[in-house]
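What the coordinates show
Chain residues, written in single-letter form:
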Amino acid sequence: MMHPYTWYRILRLIHIYSAIVLVGAIIFNTVVLMPALRRIPPAHSAVVSQKIGGGLMTLGGWAIVLLGVTGFSRLWVLGQLRHVFSWEVIRLPHLRWDLLMMVSWFGLLVTGALSAIWYKTILTRKLPYSAGLRDLEERRAAQQKVAAWQDRLAYFNLSLALLAALGGILASF
Ligand code: HEM
């Protein structure tokens, strides 16, 4: 039988690596990729953002899942899982930072799921061969609208990711 502390350290290792990957991917997206895409002509930037966006989404998706699994498991190993779902979470100063991490993580989970759905249903939608000019125009308009929303979401996600990291760092101070 493994000592609980060994489990805790393994979970911590995965938690920290996932945090690095998630926060890194989100910073890369908003600070490097998005400004670069704005400087590329629209037809090209649509293709580039679809290809790179897919990769970032897979990477970020896995990081969010791993952060959730390892984060909640750690609280369970520490015997604090039930406290974070009670008023103790606000009363105990140390748990408040865990709450910040949890809430930001939940926000990222929701916006991430939303982006993935948009990506699959609108951004990368293929039209049948029989599609006419009108269908093409409608898809382009929908893609433009979603792309504008993705941009807004990206800055919101950046704030959430930085807040989650801050919560994690202050919780372990
Ligand atoms: C975007 C999501 C998240 C990020 C970026 C993040 C980041 C971090 C970081 C940087 C640490 C400090 C390193 C350490 O001591 O391990 C940490 C610790 C921790 N995280 Fe997270 N985390 C996230 C989500 C979560 C979630 C959803 C939970 C579950 C409630 C969680 C629970 C914990 C716990 C219990 C600690 C240890 C705090 C302590 O030492 O007392 N994290 N996190």
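Conventions and cut-offs
- Residues numbered from 1 in each chain as written.
- Predicted model: local features only at pLDDT ≥ 70, side-chain atom pairs only at ≥ 80, totals over all residues.
- Core = buried A, V, L, I, M, F, W, Y, C linked by C-beta atoms within 7 Å.
- Buried ≥ 20, exposed ≤ 12 C-beta atoms within 10 Å, placed from the backbone.
- Helix = DSSP H or I, 4+ residues; strand = E, 2+ residues; numbered from the N terminus.
- Contact = placed C-beta atoms within 7 Å.
- Near = placed C-beta within 6 Å.
- Nonpolar A, V, L, I, M, F, W, Y, C, P; charged D, E, K, R; others polar.
- Expected span 1.5 Å × (residues − 1).

Within the largest apolar cluster, 14 residues are counted, with the highest numbers of intra-cluster contacts made by L22, L67, W105 and A161. Of all elements in the fold, only α1 (4–38), α2 (42–77), α5 (93–123) and α6 (133–171) reach the threshold of two or more residues within this core. For L67, the contacting residues outside a window of four places in its chain are H15, S18, A19, L22 and W105.

Okay, the site of the ligand next. Close contacts around the ligand come from 25 residues, with G71, W105, A164, G168 and S172 the closest. For the shell around the ligand, the secondary-structure elements that each account for two or more residues are α1, α2, α5 and α6. Classifying every residue of the shell around the ligand by side-chain character gives 16 nonpolar, six polar and three charged.

Turning our eyes to something else, we now look at α5. With 31 residues, α5 ought to run about 45 Å at 1.5 Å a step, and its terminal C-alpha atoms sit 43 Å apart, in line with that. Listed as buried for α5 are D98, M101, M102, S104, W105, L108 and S115. Among the structural elements, α2, α3 (81–84) and α6 are those in contact with the buried residues of α5.

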